[in-house]
Amino acid sequence: MNSQDLLKLAVTVAEEAAALIVERRRGTITVADTKSTITDVVTAVDRESEELIRARVLQARPDDSFLGEEGDDVVGTSGVRWVVDPIDGTVNYLYDHPTYAVSIAVEVDGTTVAGVVVDAPKGEVFTATLGGGAFLDGKPIRSSDCSELAKALVGTGFGYDPVRRQVQAEVISHLIAKVRDIRRIGVGAIDLCYVACGRLDAVYERGLNPWDYGAGALIASEAGAKVGGMHGEPVSPEMSIAAAPELFGPFHDLLAGADPLRA
Ligand code: IPD
Ligand code: CA
Ligand code: CA
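Conventions we followed
- Residues numbered from 1 in each chain as written.
- Chains lettered and ligands numbered in written order.
- Predicted model: local features only at pLDDT ≥ 70, side-chain atom pairs only at ≥ 80, totals over all residues.
- Heavy atoms only, no water.
- UniProt positions renumbered as here; feature names shortened; annotations may be inferred.
- Donors = N, O, S within 2.8 Å, 3.2 Å for Na, K, Ca; no water.
- Helix = DSSP H or I, 4+ residues; strand = E, 2+ residues; numbered from the N terminus.
- Buried < 20%, exposed > 50% of the residue type's maximum accessible area, 1.4 Å probe, protein only.

Per an unreviewed UniProt entry, the chain goes by the name Inositol-1-monophosphatase and belongs to Kribbella albertanoniae. Here the chain is described in UniProt, under the heading Sequence similarities (unreviewed entry), as follows: "Belongs to the inositol monophosphatase superfamily." Under Cofactor (unreviewed entry), UniProt gives the following word-for-word description of the chain: "Mg(2+)".

In structure tokens:
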């Protein structure tokens, strides 16, 4: 199966999961459990969405591996791995803020070759394949041409650990007077897609997981953004940065000056 076929399956499944979570949002949403801290919540719908995605994917491709945020990992034999956030933006979902997403990345031998992020309430579908460009609702998208820090609209997010959040706030205080403004949308995958389509000029976050950035990082880079970590490292849970290509260097250096990896 080539990356276009993998993307097609990913989109079908992500759209079905997006429809499910929007439908469930009409009812009452309550916290089913907490994870790393009391603010790191999971709802029954996070689990239901992941179970749906897992069932659909493994029904179609029983030999693949599966890494989802909420359930046990499945280790397959095909070399293809599905990396899934069944609801990215669970706190938005809980409070009915109308931005939350289903994110599915497909890796072949460890390289992400296809990704889809569906903004469920808006119905926007961001997609990319490796080397095949990035799209919003089927139309090609490009990152912005912003090259000046002072004009950059920057997105970021905060982890759930209070010690790390304190440092993340200090990092923002180092940036805020040097950029146009800061956005905290609450959905790491959407942050990356917004860089891809020019709704943000840069994003960064410490502590995102592969299910948060897998699809969005491919979409951003296929849209022409530069994507990476600190000091030439690739994107990882340590740091993910995506920015308009000429902005990446100055933005990285500004961020580095705030010592963001200290907690
Ligand atoms: C969170 C969101 C948020 C980011 C957090 C993530 P979740 O994912 O992507 O924007 O700041 O770091 O954990 O918990 O809603 O799937
Ligand atoms: Ca997430
Ligand atoms: Ca999630």
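From this point, things continue past the structure.
**Q** Before we move on, could you go through the coordination of the calcium ion (ligand 2) and cite the residues and values that matter?
**A** Taken together, Asp 85 (OD), Asp 88 (OD) and Asp 212 (OD) make up the protein donors of the calcium ion (ligand 2), found 2.1 to 2.3 Å from the metal. In this model, the calcium ion (ligand 2) sits 3.6 Å from the calcium ion (ligand 3), the two metals being bridged by Asp 85. Taken together, the residues Asp 85 in strand E4 (residues 80–88) and Asp 212 in helix H6 (residues 210–222) connect sequence positions 127 residues apart. For Asp 85, a relative accessible area of 0% gives the class buried. Note on Asp 212: relative accessible area 9%, which makes it buried.

**Q** Lay out the environment of Ser 49 with the relevant residues and their values.
**A** Tracing the chain through its elements places Ser 49 in helix H2 (residues 44–60). A residue is classified by how much of its surface remains accessible, and Ser 49, at 0% relative accessible area, is buried. Along the backbone, Ser 49 and Ala 217 are 168 residues apart, and their C-alpha atoms lie at a distance of 22 Å.

**Q** Which residues make up the coordination of the calcium ion (ligand 3), and what values go with them?
**A** Here the calcium ion (ligand 3) is held by Glu 69 (OE), Asp 85 (OD) and Ile 87 (O), and the distances to it run 2.2 to 2.3 Å. Along the chain, the residues donating to the calcium ion (ligand 3) fall in the pattern E-x15-D-x1-I. Taking relative accessible area as the criterion, Glu 69 reaches 24% and is therefore assigned partly exposed.

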